[in-house]
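# Architecture at a glance
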Amino acid sequence: MKNNLALTLYGGVGSVTGANFLLESEADNFRLLVDCGLIQGVKNSIEENSKPFGYEPATIKVLLITHAHLDHVGRIPKLFKDGFSGVIYSTPATKEMAELILRDSVRILSEKAKEEGKEPMYSTEHVDAAMFAWQTVKYHTEKDIGGGFSIYMKDAGHILGSAMIEITHSGKKVVFTGDLGNSPSPLLRDTEEVNDADYMVMESVYGDRNHEDRDQRREKFKRIVQDSIKRGGALLIPAFSIERTQILLHEINDLVESGAIPEVPVFLDSPLAIKVTRIYKDRQAQFNKGVRDEIASGDDIFNFPNLTLTETREESKKINNVPNPKIIIAGSGMSSGGRIIYHEERYLPDPNSTVILPGYQAVGTRGRHLDEGLKIIDIKGRKIQVKARIEKITGFSGHKDSEHLVEFVADTKDTVKKVFVAMGETKASLFLVQRLRDYLEVDAIHPEVGKKYILE
Ligand SMILES: [Zn+2]
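I will try to describe carefully the structure that is included in this document. Since we're looking at a predicted model, the values are computed, not measured. (Residues numbered from 1 in each chain as written. Predicted model: local features only at pLDDT ≥ 70, side-chain atom pairs only at ≥ 80, totals over all residues.)

## Side note on unusual backbone geometry
To keep things clear, this is the line we draw: Helix and strand labels come from DSSP, where a helix needs a run of H or I of at least four residues and a strand needs a run of E of at least two; each type is numbered from the N terminus.
Following Ser183, the chain continues to Pro184 via a peptide bond in cis, the omega torsion being 0 degrees. A positive phi is found at Lys380, a non-glycine position, where the angle reads about 50 degrees. One can find Lys380 in the loop between β17 (376-379) and β18 (382-385).

Written as structure tokens, this is what we have:
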């Protein structure tokens, strides 16, 4: 009992979002958290996210962050508001991007709170407190964090700075995968191998599905863009600010520069994505070799003729005056907010226009409604007819698919005592649990929310 660790998953079970895991050593009186994400795609989201945490934040010593996506960092300021006064650790790129994401989130959440007639969940001062307590650890650097725990971050290949966190205590290694990249990524290095985990808490967003392969996906994207330009409509791409946007820019860069598509106006209409793209440019050393070679040969991979970055609202509004065909990339990635909804309001009723859904759309989001083929969509209380073509491309996903998740666990099947399959919709998690049991004969479970598991 003395050296046992206990694991409790407080969020990110039965759901892709809201990751929040507690690992503790009672003997050492030391509790740490991994990720503190926002719950997304639910009704009354402010109410859901404002609920008290399942533990007392003041009792937590350390918060470890796998990567800067909102569903992994979005409740950090609330943690501070509720009494946490410990230290945060992440990679440097994660810290840099998380600050952008959290400051943006303050703005979005306060708008949402107003809509729902609620108090905002947190404010800028709580983000300031988080940034003050936030320390960085590079990949492949062992770090003692107290209480007999040490951490080691490996590249997850999911987004810039994303890490799998290996936590070692009294000879046991517990690995939190965070989100796992769809390697080989168009930009990033491959997910590193884990072959000596005792316990693993893993994601399963695509636990029950496989992606289109990369070449098919590239072909499909090219064909949709060509087709959309030919039909003279607008092409809307709702995209996440981190990673997805940079992959799209890189891909369009290749299409334009190889002459595969004519030079039509392309807009990156998201202040956040513009800022994140700058961080990507500053950290090119973290890209894979192919991309580094491209850059070394002189290509500015996120820039091409006719690309306009529209940072201000005024610049954004002017996009309306630019005649079709044109391409607009804007947030949010699931059309639940951001500037994309203005463009959707305008172009969804146009049969010549096209929307590309470049990845997973969470239950309840406007993107999911489009994906499900709804013919009428609600935007700001207005009923909007959907006559535009809706195209889905899954190969852009930043997540490993079912087959590759199994392959990933296979590397450590000889050492792992239990795999906790989380961070997915229940159906996807259960499917992966079964596959891991059948193919690898590992003890995989879909854990219960709030239940304490003893890691012996
Ligand atoms: Zn993620």
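## Describing the environment of His126
To keep things clear, this is the line we draw: Each residue gets a C-beta atom placed from its backbone, and two residues are in contact if those atoms lie within 7 Å.
Mapped onto the elements, His126 comes out in helix α5 (residues 124-132). For His126 and Arg103, which are 23 residues apart along the polypeptide, the C-alpha to C-alpha distance reads 10.0 Å. In this structure, His126 is in contact with Pro77, Phe80 and Lys81, ignoring residues within four places of it in sequence.

## Digging into the sheet that holds strand β21 (residues 444-445)
The following threshold applies: Strands are labelled as partners when DSSP assigns at least two bridges between them.
Strand order in the open sheet formed by seven strands is β7-β8-β9-β10-β11-β20-β21, with mixed pairing between adjacent strands. Sheet topology places β7 (143-146) and β21 at the edges, where each strand pairs with a single neighbour. Where strand β11 (residues 199-202) lies against strand β20 (residues 418-421), four bridges are found, and the strand directions are parallel. When the sheet's bridge partners are listed, Met202 is paired in β20 with Val421.

## A word on helix α7 (residues 244-257)
Since there are 3.6 residues in each turn of an α-helix, residues three or four apart along the chain are aligned in direction. Let me state the cut-off plainly: Here, expected helix span is obtained from the residue count minus one, scaled by 1.5 Å. Three exposure classes are used, all based on how many other C-beta atoms lie within 10 Å of a residue's own C-beta (placed from the backbone): buried at 20 or more, exposed at 12 or fewer, and partly exposed between those limits.
For α7, spanning 14 residues, the distance from its first C-alpha to its last is 20 Å, which sits close to the expected 20 Å at 1.5 Å a residue. When α7 is considered as a whole, its buried residues turn out to be Arg244, Thr245, Gln246, Leu248, Leu249, Ile252 and Asn253. In this structure, the buried side of α7 is in contact with β12 (234-238), β13 (266-268), α8 (271-282) and β15 (326-330). The first or second residue beyond α7 is Gly259, which carries a positive phi of 80 degrees.

## Some words on helix α6 (residues 214-230)
When the terminal C-alpha atoms of α6 are compared, their 24 Å separation across 17 residues agrees well with the 24 Å that a helix rising 1.5 Å per residue should span. The inward-facing, buried residues of α6 contact β12, α7 and β16 (354-357). Of the residues one or two after α6, Gly232 is the one with positive phi, at around 75 degrees.

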